[in-house]
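# Observations on the three-dimensional arrangement
So you can see what is in the structure, the chains are spelled out below.
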Amino acid sequence: MFKKVLIANRGEIARRIIRTCKKLGIETVAVYSEADAESLHVKEATESYLIGKPPVAQSYLNMDAILEVAKQSGADAIHPGYGLLSENANFAKRVEEAGIVFIGPSSDVIRAMGSKIEARKTMEQAGVPIVQGVNNPISDVDEAVKIAENIGFPVMLKASAGGGGIGMQLVHTEEELRKAFEGNQKRAQSFFGDGTMFIEKYIDQPHHVEVQVLADKYGNVVPVFERECSIQRRNQKVVEEAPSPFISEETRQKMLDASVKAAKHIGYTNAGTIEFLVDSEQNFYFLEMNTRLQVEHPVTEEITGLDLVEQQLKISNGETLNVTRESLKRNGHAIEVRIYAEDPVRFFPSPGKITYLQLPEGDGIRHEIAVESGSEVTPFYDPMIGKLIVFGKTREEACVKLANTLRNYVIEGIKTNIPMLLGIVTHPQFIKGVTTTNFVEEYYLSK
Amino acid sequence: MTIIKADMAGTVWKVLVQEGDIVEAGQDVVILESMKMEIPIATEVGGTVKRVIVAEGDFINSEADLVEIE
């Protein structure tokens with residue numbers, strides 16, 4: 001096994017990775033920006049190195065600085081976490097070239113899945129259903145209109161390099177499309193350095209269901225069930241659960257089959273997630289593949305007993321998977337909510353000092369959190385400060401436990417989205433399992 | 001004279017007005033960037049921009065002075 005792993009990330013996920021490394025007797029190297037000098041991940045790692053100023057471009061996205069620390073500290077592997085450099089094929093390639101193990105798939109696979117248009121083509125070849133749409137870049141707005149009319153409005157306008165909902169817009173009419181095209185193209189160009197756009201048919205009231213896969217270097221691919229992540233705001237996930245309360249067992253098995261086929265077709269290795277949209281008739285369509293650990297991975301861990309970070313480390317270390325599709329059992333129901341430092345009404349960021357934090361404890365309650373009493377939440381990074389995960393024998397039990405835990409969650413000094421989360425998870429429609437991607441607009445914001 | 005202040009800590013992403021500009025109540029004068037979000041800051045009063053106190057790229061704390069309107 002590796003002796004020393006560098007974690008090229010911050011916040012709760014850096015702490016999460018350090019925890020598994022400690023369990024396996026692996027030393028850890030933290031990197032941090034000037035804004036994170038007092039962070040918990042910095043204190044918990046075996047060694048910590050300052051890599052730059054607070055803005056991510058000068059620290060957590062600075063490949064030279066991170067690779068320099070890796071060499072200096074003698075790390076034999078780098079775990080990228082999620083976000084930041086985790087799906088940057090150039091970074092993965094540079095890590096490989098430096099003779100260090102990148103905990104994730106090969107840079108070629110990351111590159112292939114990084115373009116949504118390329119991913120659509122690849123998945124179609126693999127025999128995985130994709131949403132009706134185009135597999136070629138759209139050059140201008142007139143071409144976009146022609147394509148949209150062919151498919152039939154409404155359509156989704158999307159950026160091929162997009163992520164986190166950026167460069168993506170639902171358009172109902174030609175006029176809307178004409179208005180939206182250039183703006184989204186510009187945003188994609190400025191955020192991702194690539195303004196390539198394409199169009200897909202809009203699926204009404206879909207569920208977002210994703211399949212976790214594990215793949216070793218010897219061609220073994222094991223699907224680790226699904227997660228339902230339909231509760232979103234502005235295309236960002238807010239509540240995630242496993243198993244999905246919506247899909248039938250037959251659909252589940254079909255989706256797991258499709259995911260294995262997809263992972264094998266592209267030569268995937270390590271942990272990855274294949275995202276699908278599922279319509280009201282339980283037809284499912286490939287959306288994209290995330291070639292990294294997901295934010296919401298804990299719900300899968302809770303229902304299977306697996307440690308996904310441990311699986312990642314073992315796969316990268318060249319071990320054969322110690323689970324099979326047949327041996328893997330799921331049990332109970334897990335729900336995760338993302339805790340954001342933001343005003344729950346205006347949705348504005350709420351940086352500041354956490355004067356007091358008291359986390360409710362109990363059976364089936366898990367916290368993944370980056371802060372403690374006295375921590376400063378700075379304005380430089382994503383507003384997610386932590387996650388709460390609950391486990392119950394049934395979904396009903398998990399829903400009740402989640403609501404009670406959120407009521408007892410004490411965080412003072414900053415505003416958080418906890419009131420909104422509580423509003424969602426106690427909503428009769430949520431409790432019934434009616435969770436489509438329109439949920440927040442339809443049931444929460446409209447009330 | 002009114003000083004427009006920042007709602008929250010962040011970085012000045014864009015300054016939308018110059019000294020001498022005439023602004024209306026409700027018009028955005030500065031866009032802050034905080035926690036990966038763009039936060040427009042509007043003036044509550046109309047008038048003439050007397051002074052722009054911050055520059056693009058400045059890091060500012062909550063309640064910091066941004067623009068003076070007369």
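Residues numbered from 1 in each chain as written. Chains lettered and ligands numbered in written order. Predicted model: local features only at pLDDT ≥ 70, side-chain atom pairs only at ≥ 80, totals over all residues. Heavy atoms only, no water.

## Observations concerning the UniProt feature "domain: Lipoyl-binding" (unreviewed entry) in chain B
On the UniProt side, "domain: Lipoyl-binding" (unreviewed entry) is annotated at positions that read residues 1–70 of chain B here. Along residues 1–70 of chain B the backbone is 0% helical and 54% strand, and the end-to-end C-alpha distance reaches 4 Å. (UniProt positions renumbered as here; feature names shortened; annotations may be inferred. Helix = DSSP H or I, 4+ residues; strand = E, 2+ residues; numbered from the N terminus.)

## Some details on the sheet that holds strand β12 (residues 270–278) of chain A
Residues and elements named next belong to chain A. Read across the sheet, 8 strands follow the order β13-β12-β9-β10-β11-β14-β19-β17 without closing on themselves; strand pairing throughout is antiparallel. With partners counted over all chains shown, the strands left at the sheet margins are β13 (284–290) and β17 (365–369), one partner each. Here the average twist between neighbouring strands, direction ignored, is 25 degrees. As judged from the 4 bridges shared by strand β11 (residues 236–242) and strand β14 (residues 333–340), these two strands associate in the antiparallel manner. If you follow V239 over to β14, its bridge partner there is V337. Strands β10 (221–233), β11 and β14 of the sheet are contacted by helix α13 (residues 418–425), whose axis makes an angle of about 150 degrees with β14. (Pairing = 2+ DSSP bridges. Axes fitted to C-alpha atoms, helices over the stretch in contact; angles between N-to-C directions. Contact = heavy atoms within 4.5 Å.)

## Quick word on the pairing of strand β9 (residues 207–215) of chain A
Residues and elements named next belong to chain A. Where burial is concerned, most of β9 is hidden: 9 out of the 9 residues are buried. A two-sided burial pattern is seen for β9, the buried positions comprising H207, V209, V211, V213 and A215 on one face and H208, E210, Q212 and L214 on the other. Pairing of β9 with β12, which is carried by 9 bridges, proceeds in the antiparallel orientation. Paired with H207 across the bridge in β12 is V278. Inspection of the sheet shows β9 paired to β10 by 6 bridges, in the antiparallel sense. Note on β10: the bridge partner recorded for L214 is V222. (Buried < 20%, exposed > 50% of the residue type's maximum accessible area, 1.4 Å probe, protein only.)

## Observations concerning the interface of chain B and chain A
Note on interface size: it is often stated as the accessible area lost on association of the parts. Listed per partner, the contact involves 12 residues of chain B and 16 residues of chain A. Of the roughly 1,100 Å² buried where chain B meets chain A, counting both sides, 69% is carbon and sulfur surface. Of all residues in chain B, M35, K36 and M37 of chain B give up the largest surface area on contact with chain A, accounting jointly for 55% of the area buried on that side. Our count for the chain B to chain A interface comes out at 2 residue pairs in polar contact (both at pLDDT 80 or more). The greatest single-element share of the side of chain B that touches chain A, amounting to 3 residues, is contributed by strand β5 (residues 37–42) of chain B. A breakdown of the residues in the side of chain B that touches chain A according to their chemical character gives 6 nonpolar, 3 polar and 3 charged. (Buried area = accessible area lost by both parts, 1.4 Å probe. Polar contact = N/O pair within 3.5 Å; in protein donor to acceptor, adjacent residues only side chain to side chain. Nonpolar A, V, L, I, M, F, W, Y, C, P; charged D, E, K, R; others polar.)

## Some points on the nonpolar core
Counting residues in hydrophobic clusters, the biggest one holds 58 residues, and the most contacted among them are M123, L214, M255, F276, F286, M289 and L313 of chain A. Tallying contributions element by element places helix α9 (residues 249–265) of chain A first for this core, with 6 residues. The residues that make up this core include at least three from each of domain 1 (4–103) and domain 3 (207–445) of chain A. Residue contacts for L313 of chain A: discarding those within four places in its chain leaves M1, F2, V5, T20, C21, L24, I26 and I103 of chain A. Counting 37 residues, the second largest nonpolar core, distinct from the first, contains I339, L402 and V425 of chain A together with M35 of chain B. (Core = buried A, V, L, I, M, F, W, Y, C linked by side-chain atoms within 4.5 Å. Domains from an automatic or database assignment.)

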